[in-house]
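Here's the letter readout for the chains.
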Amino acid sequence: MTGRFAPSPTSDLHLGNLRTAVVAALLARAAGVGFLVRIEDLDVGRVGAAGDVATRQLHDLALLGLSWDGPVVHQSARLDRYRAAVDHLPTYECFCTRREIAESASAPHADGYRPYPGTCRGLTAVQRADRRRERPPALRVDAGAASITVHDRWAGAVAGVVDDFVVRRNDGAYSYNLAVVVDDLAQGVTQVVRGDDLLSSSPRQAWLARRLGGVEPEYAHVGLVVNAAGRRLAKRDGAVTLAQLARRGTSAADVVSLIGHSLGLNEPGEPVTLADLSRRFDPARRPAAWVWPG
Ligand code: GLU
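Residues numbered from 1 in each chain as written. Predicted model: local features only at pLDDT ≥ 70, side-chain atom pairs only at ≥ 80, totals over all residues. Heavy atoms only, no water.

So, about the side chain of Asp60. Here Asp60 is to be found in helix 3 (residues 50–63). Put simply, Asp60 is tucked away with no salt bridge, and the nearest opposite charge, on Arg56, sits 6.4 Å away. Once you skip the residues sitting within four places of it in the chain, Asp60 turns out to touch Leu18 and Leu242. (Helix = DSSP H or I, 4+ residues; strand = E, 2+ residues; numbered from the N terminus. Buried < 20%, exposed > 50% of the residue type's maximum accessible area, 1.4 Å probe, protein only. Lys, Arg positive; Asp, Glu negative; His and termini not counted. Salt bridge = Lys/Arg side-chain N within 4 Å of Asp/Glu carboxyl O. Contact = heavy atoms within 4.5 Å.)

Below, the structure written as structure tokens:
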């Protein structure tokens, strides 16, 4: 049984990511389970320099006082496992462009995700051969319009219809939704802590976990850190990474105190360590959104 923090090495961790990492570690400790870190670097080819970013991410987690069990797993080293999982799933080739999906009848979810309407599910072998000459296909799982309700520690029951989501993109890369589930199962992850923006992905992932013969973890989605305008924190919001904050005189220890305060665990400016936060943390209390004024 273990919790985990699973950053994508697209850019340095910002306060929102760091806060999620702290909550993940606190919740794991409160439950008396292990804590893993996994680097979700399946997009390395596109992102470039991901190795350096991942190294800095681990360095930043350590600066906050976080530690984790065992070696850090990199998704880019696990392609065989994703291939094997896809081989066990009912899938079909999909040739739709983003635009075609956007123009389809399905309304986007609050997070912008558009459920796939199943356009390519019924293509004949001849039609598929034809379309393959135009563009390489993505692979979608045939979920049979399953609906599923999952449990989030803080949000409660989350119901969702599972669409035929992509398991392998048309550039050959395995999708986030596939890899995250394969790895959580393989690593014995029983607790998934992450930002609220992924709450609506949970039914899809729980369905896949069950389809692969496993059990979904307990989900615990954390309120996002937002800027003064109420929008999800992003790089352009000024000093948001540890390196940027350090340049303006805010140390990693100060950041632990800021995060602790945002979780209602210490007074503003009170020097605290992760061990202090761990003693004060109440797993029943949902970490609400936090406004970072910048
Ligand atoms: N790698 C994902 C991200 O950084 C998080 C995946 C997860 O925690 O399930 O957004």
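Let us keep going from here.
Let's shift gears to empty space enclosed by the protein. Taken as a whole, this structure holds one cavity of 30 Å³ or more when the rule is applied. The volume enclosed by the largest cavity comes to roughly 50 Å³. Lining the largest cavity are Val180, Val181, Asp184, Leu185, Gln205, Ala209, Pro217 and Tyr219. Mapped onto the lining of the largest cavity, the elements with two or more residues apiece are helix 7 (176–186) and helix 8 (202–211). Broken down by element, the lining of the largest cavity gets its largest block of residues, four residues, from helix 7. (1 Å grid on protein atoms, 1.4 Å probe; cavity = no way out; pocket = protein on both sides within 12 Å on 5 of 7 lines; lining within 4 Å. Points joined across faces, edges and corners; volume = space filled by probe spheres on them.)

Contacts to the ligand come from Arg4, Ala6, Pro7, Ser8, Glu40, Tyr176, Val180, Arg194 and Leu198. At 2.6 Å, a side-chain N or O of Arg4 approaches an oxygen atom of the ligand. Between the ligand and Arg194 there is a distance of 2.8 Å, counted from an oxygen atom to a side-chain nitrogen or oxygen. For the ligand, whose free accessible area comes to 300 Å², the fraction covered by protein is 76%. Residues that form the shell around the ligand fall into these classes: five nonpolar, one polar and three charged. (Near = heavy atom within 4 Å. Polar contact = N/O pair within 3.5 Å; in protein donor to acceptor, adjacent residues only side chain to side chain. Areas by Shrake-Rupley, 256 points an atom, 1.4 Å probe, with all protein chains shown as cover. Nonpolar A, V, L, I, M, F, W, Y, C, P; charged D, E, K, R; others polar.)

What follows deals with unusual backbone geometry. Glycine aside, a negative phi is what most residues show, and trans is what most peptide bonds show. In the Ramachandran plot, Ala145 falls in the positive-phi region, its phi being about 50° despite a non-glycine side chain. By the element assignment, Ala145 lies in the loop between strand 5 (138–141) and strand 6 (147–152). Overall, Ala145 belongs to the exposed group, its relative accessible area being 57%.

Every buried residue belonging to helix 10 (residues 252–262) is among Ala252, Val255, Val256, Ser257, Ile259, Gly260 and Ser262, and all of these are buried. In this fold, the buried residues of helix 10 make contact with helix 1 (15–31), helix 3, helix 9 (242–247), helix 11 (274–280) and strand 12 (290–291). Just downstream of helix 10, Gly264 is the residue with a positive phi angle, here 75°.

For the rest of this paragraph, the subject is helix 4 (residues 79–87). Along an α-helix, a turn takes 3.6 residues, which lines up residues three or four apart on a common side. Burial in helix 4 covers these residues: Tyr82, Ala85 and Val86. All buried residues of helix 4 project into a common sector of 100° when viewed along the axis, lining one side. Turned more than 90 degrees from where helix 4 packs its buried face, Asp80 and Asp87 sit exposed. Summarising the contacts, the buried residues of helix 4 are in contact with strand 4 (91–94), strand 5, strand 8 (166–168) and helix 7. (Arc of directions from axis to C-beta.)

The subject of this paragraph is the pattern of salt bridges. Going through the model one piece at a time under the given rule, you end up with 22 salt bridges. Between Glu40 and Arg38 there is a salt bridge whose closest N-O contact spans 2.9 Å. A salt bridge links Glu93 to Arg132; the nearest nitrogen and oxygen atoms lie 2.9 Å apart. In this pair, Glu93 is assigned in strand 4 and Arg132 in helix 6 (residues 125–132), connecting sequence segments 39 residues apart.

Turning next to the packing of aromatic side chains. Any aromatic ring pair is given by two values, namely how distant the centres are and how the planes are angled relative to each other. The tally for this structure, following the rule as stated, stands at three aromatic pairs. Note on Tyr82 and Tyr174: the rings are 5.9 Å apart at their centroids and 55° apart in plane angle, and the pair reads as tilted. Placement of the pair is Tyr82 in helix 4 and Tyr174 in the loop between strand 8 and helix 7, with a sequence separation of 92 residues. There is no split in this pair, since Tyr82 and Tyr174 are both buried. Across the ring face of Tyr116, the terminal group of Arg140 is positioned such that the distance to the ring centre comes to 3.6 Å. (Phe/Tyr/Trp six-rings, centres within 6.5 Å; stacked < 30°, edge-to-face > 60°. Lys NZ or Arg CZ within 6 Å of the ring centre and 35° of its normal.)

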